Amino acid sequence: MVRRLPIGAEIQEGGGTHFRVWAPRRAGVQVAIEGPATGTRELHSLAPEPGGYFSGFVSSAGNGSLYRLRLDSGDMLFPDPASRYQPEGPHGPSQVIDPFSFQWSRTDWPGPAGKGQAVYEMHIGTFTPEGTWSAAAGQLPELASLGITLVEVMPVAEFPGRFGWGYDGVDLFAPTRLYGTPDDFRHFVDAAHSCGIGVILDVVYNHLGPDGNFLKEFSPDYFTGRYFCEWGDAINFDGENSGPVREFFLANAAYWISEYRLDGLRVDATQQIFDSSPKNILAEISAAARAAAGRRKIILFAENEPQQTNLIRPVEEGGCGLDFLWNDDFHHSAIVALTGRREGYYYDYLGTPQEFVSAMKWGYLYQGQYYAWQKKTRGTPSFGLKPESFVNYIQNHDQVANTGRGLRIHDLTSPGLLR
């Protein structure tokens, strides 16, 4: 069998589907193929492999087939941890998806250049009244006319409920059914490229949401208690049995770049991604994403509240090889200057012209100085980094408060004009 990813359901060229899952907690795994609207199930046992994997080929499964996984002949059936689509939500069946049936119109898209991007952060569910990929695609020419060159889509991994910001996703390979089908997502990317706009995706690799998260049923080693994560169980990137966990997340990063032709990733809250391995998981994510892009250019962003500049330094210098860091210092100064507010995050900022000059020149304002609000030092030195390595951004808080429609405009030029 020919596979592109180490896990999940993959349609084979001659027909049928190959399934592979990591479930070292279990003695046996079966695939339950569900009949359309009949409630019938075909059970197919997967063969055990070394290292806790199970795999097998099912000739009757094809594009659109619904399936679940039965563990140890139990009564409950679970979605595939690497499901490409959950049409009924995270508690429903997974669906076999053919990622190559979509016909791309912009096949010569080279990817975005790094410097000089104007980035628009978009929440698909609130960007239009319809809250769908198709409706959002219809507005892309307007964004292009404004000078937007890159759209940053907020997290889309499947999550429970009807609404959400996306930061509690539980099926990391499945774009949520709330906004449309996987091919609707591909159409959005294709339409953006036709408008000269790149698309990057916000991904959450520091935790998973609690509702609909079944990974522990397959292995408790997806998570670790060795670290404290602010939002849930920390991901096990460096403990016992962490190899397949790393593989899972590396496959996810490559998947978004290859199967959706995305132009990069924005990695959420990297300070909550814990890894003491000789090669940091973020460095491996960078390499995996670039390999998946082939000749296309991609750009990789990191959000990092403590402002650790090693994230964008070269791997050979001990860094992680990402491209850009969000500049929280610029944002905080801008909010103080615009609103006069100085509570919470904004306590240590004045919003003065000198802060803006320094942010444009040096990136971070705090590069190891004492930070009164957190009662500790903040930031690391940015010496040797180009000013355009920092994303200067601002958020329209009134719009978020009044309509729920979030807007952030980012500009990678430095010095640059925030639009």
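Residues numbered from 1 in each chain as written. Predicted model: local features only at pLDDT ≥ 70, side-chain atom pairs only at ≥ 80, totals over all residues. Heavy atoms only, no water.

As for a nonpolar patch on the surface
Stage number 1. Together, Tyr345, Tyr347 and Trp373 make up an exposed nonpolar region whose accessible area comes to about 330 Å².
Stage number 2. Along the chain, the position of Tyr347 falls in the loop between α8 (328-339) and α9 (353-362). (Patch = residues over 30% accessible without salt bridge, like charges linked within 9 Å, V, L, I, M, F, W, Y side chains within 5 Å. Areas by Shrake-Rupley, 256 points an atom, 1.4 Å probe, with all protein chains shown as cover. Salt bridge = Lys/Arg side-chain N within 4 Å of Asp/Glu carboxyl O. Helix = DSSP H or I, 4+ residues; strand = E, 2+ residues; numbered from the N terminus.)

Side note on the pairing of strand β17 (residues 264-267)
Stage number 1. Of the two faces of β17, the one lined by Gly264 and Arg266 and the one lined by Leu265 and Val267 are each fully buried.
Stage number 2. Across three bridges, the pairing between strand β14 (residues 198-203) and β17 is parallel. The residue of β17 that forms the bridge with Val203 is Val267.
Stage number 3. Pairing of β17 with strand β18 (residues 299-302) involves four bridges; the strand directions are parallel. Among the inter-strand pairings, Gly264 is bridged to a residue of β18, identified as Ile299.
Stage number 4. Once the chain exits β17 it traverses helix α7 (residues 281-293) before rejoining the sheet at β18, and the crossover so formed is right-handed. (Buried < 20%, exposed > 50% of the residue type's maximum accessible area, 1.4 Å probe, protein only. Pairing = 2+ DSSP bridges. Right-handed = clockwise from strand over helix to strand, strands pointing away.)

Comments concerning the pairing of strand β7 (residues 66-71)
Stage number 1. As paired strands, strand β3 (residues 29-34) and β7 are joined by six bridges and run antiparallel to one another. Bridging from a neighbouring strand, Gln30 pairs with Arg70 of β7.
Stage number 2. Relative to strand β8 (residues 77-78), β7 is paired through two bridges, and the arrangement is antiparallel. Note that in β8 the partner of Leu69 across the bridge is Phe78.
Stage number 3. Between β7 and β8, which follow one another and run antiparallel, lie five residues, and Asp72 among them has a positive phi close to 55°.

Quick look at unusual backbone geometry
Stage number 1. Of note, the phi angle at Ser73 is positive, near 60°, even though the residue is not glycine.
Stage number 2. Looking at the element boundaries, Ser73 is found in the loop between β7 and β8.
Stage number 3. At Arg261, a position not held by glycine, the phi torsion is positive, near 50°.
Stage number 4. Relative to the helices and strands, Arg261 is located in the loop between α6 (242-259) and β17.
Stage number 5. Accessibility expressed as a relative area gives 27% for Arg261, which makes it partly exposed.

A few points about the side chain of Gln307
Stage number 1. Along the chain, Gln307 turns up in the loop between β18 and β19 (324-326).
Stage number 2. Among the polar contacts listed, one links the side chain of Gln307 to the side chain of Asp329, at a separation of 3.1 Å.
Stage number 3. The contact partners of Gln307, leaving out residues within four places of it in the chain, are Asp328, Asp329, Tyr364, Tyr366, Arg378, Gly379 and Thr380. (Polar contact = N/O pair within 3.5 Å; in protein donor to acceptor, adjacent residues only side chain to side chain. Contact = heavy atoms within 4.5 Å.)

A word on the pattern of salt bridges
Stage number 1. Evaluated as defined, the whole model comprises 23 salt bridges.
Stage number 2. Of the charged contacts in the structure, one is a salt bridge between Glu10 and Arg3, with a shortest N-O distance of 3.8 Å.
Stage number 3. On the basis of relative accessibility, which here comes to 1%, the residue Glu10 falls in the buried class.
Stage number 4. You can call Arg3 partly exposed: its relative accessible area is 22%.
Stage number 5. Put simply, Arg246 and Glu284 hold a salt bridge, and the shortest N to O gap is 3.3 Å. Of this pair, Arg246 sits in helix α6 while Glu284 sits in helix α7, and the two are 38 residues apart along the sequence.
Stage number 6. Judged by relative accessible area, which is 10%, Arg246 ranks as buried.

Considering the sheet that holds strand β2 (residues 17-22)
Stage number 1. Reading across from one edge, β1-β2-β6-β5 is the order of the four strands in this open sheet, with antiparallel pairing throughout. Each having just a single partner strand, β1 (8-11) and β5 (47-48) make up the two edges of the open sheet.

Observations regarding the packing of α8 against α9
Helix-helix packing: each pair is described by the crossing angle between the helix axes and the interaxial distance.
Stage number 1. Relative orientation of the contacting elements α8 and α9 amounts to 160°, with a least axis distance of 10 Å. Put simply, α8 runs roughly antiparallel to α9. For the pair α8 and α9, the sense of crossing is left-handed. Facing α8, whose interface residues are Phe330, Ser333, Ala334 and Ala337, α9 presents Glu355, Phe356, Ala359 and Met360.
Stage number 2. Tallied by class, residues from the contact of α8 with α9 come to six nonpolar, one polar and one charged. (Axes fitted to C-alpha atoms, helices over the stretch in contact; angles between N-to-C directions. Parallel < 35°, antiparallel > 145°, perpendicular 65-115°, else oblique. Left-handed = near helix turned anticlockwise from the far one by under 90°. Nonpolar A, V, L, I, M, F, W, Y, C, P; charged D, E, K, R; others polar.)

Some details on the confidence of the model for the protein chain
Stage number 1. Taken over all residues, the pLDDT of the protein chain has a mean of 92, while the share at 70 or more is 93%.
Stage number 2. Across residues 397-408, confidence stays below pLDDT 50; counting only partners more than four residues off in sequence or on other chains, it has 31 contacts.
Stage number 3. Confidence drops under a pLDDT of 50 for residues 413-419, and excluding neighbours within four residues, the segment shows 19 contacts in the predicted structure. (pLDDT = per-residue confidence, 0-100.)

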